[in-house]
Amino acid sequence: MTSRNRWRSVLFGQVPGAYNAGMRGAQITVRCDCGDVGYVPHGERWRCDKCGRTWNTAQIPADEYWGIMRDMRRLRITVIATALGLTVPIVALALILGLRLLLLLPVLMSFWFLFYMPRWRRQVRQRARSLRRWKLHPE
Ligand SMILES: [Zn+2]
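A brief structural summary. Computed from a predicted structure; not experimentally measured.

Reading guide: rules and limits
- In every chain, residue numbers begin from 1 and rise along the written sequence.
- In keeping with the predicted nature of the model, local features appear solely for residues at pLDDT of at least 70, side-chain atom pairs appear and are counted solely at 80 or more, and the whole-chain, interface and lining totals rest on all residues.
- Linking buried Ala, Val, Leu, Ile, Met, Phe, Trp, Tyr and Cys residues through C-beta atoms within 7 Å yields a set, and such a set is a nonpolar core.
- Residues with at least 20 other C-beta atoms within 10 Å of their own are called buried, those with 12 or fewer are called exposed, and the rest are partly exposed. The C-beta atoms themselves are positioned from the backbone.
- Any pair of residues counts as being in contact when their C-beta atoms, constructed from backbone geometry, are within 7 Å of one another.
- The way it works is that DSSP assigns letters per residue, a run of H or I at least four long becomes a helix, a run of E at least two long becomes a strand, and they are numbered from the N terminus.
- Here the expected span of a helix is defined as 1.5 Å times the quantity of residues minus one.
- Here the bend at a residue is taken as the angle between two axes, fitted respectively to the seven residues that end there and the seven that start there.
- Strands pair, by our definition, only if DSSP identifies at least two bridges between them.

### Section: the nonpolar core
Phase 1 of the analysis: Grouped together as the largest cluster of nonpolar side chains are 5 residues: Ile28, Val30, Cys32, Trp46 and Trp55.
Phase 2 of the analysis: Every residue in contact with Trp55, bar those within four places of it in the chain, is listed here: Val30, Cys32, Arg45, Trp46, Leu136 and Pro138.

Next comes the structure, spelled out in structure tokens:
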């Protein structure tokens, strides 16, 4: 594994699991009246094992759900674009001006992991906390 690959997997590894589902959309957390919790993709039913109620996430308006998924994706894309925007110029300059410029990369990466990623994670967490809740009706 090259160091760049390693770095890339670290970058993606920072993304909380719930937002990792990509285009398919994250699973929805269903909290049953009895207190049990289930996770289902949007549009699917979940039957509570404890009390037998069935919850249908199709009751959630699709445009609201996918609007949130788009927001989450935008956050991820921003982080990847910023990473590329920082490294590509340095690598390109290094090819022109000499490989010694690559010594800047560790500096850049410490800045990235010490300042940028923590800030970004805070943003995502805040976003996750303020996520919409819907009230479903058991079927
Ligand atoms: Zn239940």
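### Notes on helix H3 (residues 104-129)
Phase 1 of the analysis: Its 26 residues place the ends of H3 36 Å apart at the C-alpha level, agreeing with the 38 Å of an ideal helix rising 1.5 Å per residue.
Phase 2 of the analysis: Most pronounced at Trp112, the bend in H3 amounts to some 40°.

### A word on the pairing of strand S2 (residues 37-40)
Phase 1 of the analysis: Where strand S1 (residues 28-31) and S2 come together, 4 bridges link them in antiparallel fashion. Residue pairing across strands places Ile28 opposite Val40, the latter belonging to S2.
Phase 2 of the analysis: Where S1 folds back onto S2 in an antiparallel hairpin, the turn is made up of 5 residues, including Gly35, whose phi is positive at roughly 105°.

### Things to note about the environment of Cys51
Phase 1 of the analysis: Tracing the backbone through its elements, the reader meets Cys51 in the loop between strand S3 (45-47) and strand S4 (54-56).
Phase 2 of the analysis: With 12 C-beta atoms packed within 10 Å, Cys51 lands in the exposed category.
Phase 3 of the analysis: Sequence separation of Cys51 and Gly35 is 16 residues, and the distance between their C-alpha atoms is 9.7 Å.
Phase 4 of the analysis: Setting aside its immediate chain neighbours within four residues, Cys51 contacts Cys32 and Cys34.

### Digging into the environment of Tyr116
Phase 1 of the analysis: Mapped onto the fold, Tyr116 is located in helix H3.
Phase 2 of the analysis: Judged by the 16 C-beta atoms lying within 10 Å of it, Tyr116 is partly exposed.
Phase 3 of the analysis: When the C-alpha atoms of Tyr116 and Thr82 are compared, they prove to be 9.7 Å apart, with 34 residues separating the residues in sequence.

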